[in-house]
Amino acid sequence: MSISRHQLLQALDGLLQPERFKDYGPNGLQVEGRPEIQRVVSGVTASRALIEAAIAARADAIFVHHGLFWRGQDGRITGWMKQRLQLLLAHDINLFAYHLPLDAHAELGNNAQLGRVLGFAADARFGEQDLGFSAPAVFDSGQALADHVAQALGRAVTLVQPMVAGSAPPRPVRPVRRVAWCTGGAQGYFESAIAAGADAFITGEISEPQAHLAREMGVSFIAAGHHATERYGAPAVAAHVAAQWGLDHQFIEIDNPA
């Protein structure tokens, strides 16, 4: 089966509701390709490697979380940007990208899907634009939670676990009874997670200030990788829409250590 480019755009917009968000770039159709779509490839980022893999898979459309265009970037079509666009245009492939709307979707988005992978049932939202999720949890320590996350995602994570000063042997400040998370580069949501009652916060990246804040506030901070925490939403949404319309769908993983 096939649908028109416009029908696919309407389906994605209806599901993800990009008009609700203040975002860092355009959501929706970023590069126009052929008018009829039968095969969709999903991925995390519109990298050249993903575009080349989509060409090999004979895709009519690519659906990603990280598109090509961002607020404040250099607008010249040179270098890597020229190479990516040239491939898309030469092969008449549509590029659809949804950033914050894909993070926020209550069932299929990056945060909801990360919660599913980690076994958390979110019962609250927090932070700017309600992007953060939180849920009850039962872990003896931030280290136990970090071990669980590492096993579920299949990669090492960075943990800052506050310890009781002067205790011998060293012991964590508190167990984890509420966990909060926000995928990708959401380290700036840490204070909102603390205000929402979290004993631990999971995101993709950590910056210098978060280590100090974790120790001073007694809340564990886990950085599990930007790509690693955001690899679940795009295939979930694309598979959902493809099933509705009888389209072929393939998720293509492009390895990324981040």
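The structure contained in this document is the topic of the report that follows. (Residues numbered from 1 in each chain as written. Predicted model: local features only at pLDDT ≥ 70, side-chain atom pairs only at ≥ 80, totals over all residues. Heavy atoms only, no water.)

Right, let's get into helix α3 (residues 79-90). A rise of 1.5 Å per residue sets the reference length of α3, with its twelve residues, at 16 Å; its end C-alpha atoms lie 16 Å apart and thus fit the reference within 8%. Burial in α3 covers these residues: Met-81, Arg-84, Leu-85, Leu-87 and Leu-88. Buried residues of α3, seen end-on, are gathered within an arc of 155° and therefore sit on one face of the element. Relative to its buried face, α3 has exposed residues pointing more than 90 degrees away, namely Leu-89 and Ala-90. Residues of α3 that are buried make contact with β2 (28-31), α2 (48-56), β5 (61-66) and β6 (94-97). Directly after α3, the chain includes Asp-92, whose backbone phi takes a positive value near 55°. (Helix = DSSP H or I, 4+ residues; strand = E, 2+ residues; numbered from the N terminus. Expected span 1.5 Å × (residues − 1). Buried < 20%, exposed > 50% of the residue type's maximum accessible area, 1.4 Å probe, protein only. Arc of directions from axis to C-beta. Contact = heavy atoms within 4.5 Å.)

Below, the discussion takes up the packing of helix α1 (residues 5-16) against helix α10 (residues 233-245). To describe two helices that pack against each other, one gives the angle between their axes and the distance between the axes. Direction vectors running N to C along α1 and α10 enclose 125°, while the axes themselves pass 11 Å from each other. It follows that α1 is oblique to α10 by the angle criterion. In this structure, α1 crosses over α10, and the sense of that crossing is right-handed. Contact residues: α1 offers Gln-7, Leu-8, Ala-11, Leu-12, Leu-15 and Leu-16, while α10 offers Val-237, His-240, Val-241 and Trp-245. Across the contact of α1 with α10, the residue classes break down as eight nonpolar, two polar and no charged. (Axes fitted to C-alpha atoms, helices over the stretch in contact; angles between N-to-C directions. Parallel < 35°, antiparallel > 145°, perpendicular 65-115°, else oblique. Left-handed = near helix turned anticlockwise from the far one by under 90°. Nonpolar A, V, L, I, M, F, W, Y, C, P; charged D, E, K, R; others polar.)

With that settled, the discussion passes to the packing of aromatic side chains. One pass over the full model with this rule turns up eight aromatic pairs. On the basis of an interplanar angle of 35° and a centroid distance of 5.8 Å, the ring pair of Phe-63 and Tyr-98 is categorised as tilted. Here Tyr-98 lies in the loop between β6 and α4 (100-104) and Phe-63 lies in strand β5, a separation of 35 residues in the sequence. For the pair formed by Phe-63 and Tyr-98, the shared burial category is buried. Here the aromatic rings of Phe-201 and Phe-221 are separated by 5.7 Å at their centres, their planes lie at 65°, and the arrangement is edge-to-face. In this pair, Phe-201 is assigned in strand β11 (residues 200-203) and Phe-221 in strand β12 (residues 220-223), connecting sequence segments 20 residues apart. Given a relative accessible area of 0%, Phe-201 falls into the buried group. (Phe/Tyr/Trp six-rings, centres within 6.5 Å; stacked < 30°, edge-to-face > 60°.)

Time to look at unusual backbone geometry. The general pattern is negative phi for most residues beyond glycine and trans for most peptide bonds. Here Arg-58, not a glycine, exhibits a phi torsion of approximately 60°, which is positive. Along the polypeptide, Arg-58 turns up in the loop between α2 and β5. On the accessibility criterion, Arg-58 (58% relative accessible area) is exposed. One non-glycine residue, Asp-92, adopts positive backbone phi at about 55°. By secondary structure assignment, the location of Asp-92 is in the loop between α3 and β6. Given a relative accessible area of 35%, Asp-92 falls into the partly exposed group.

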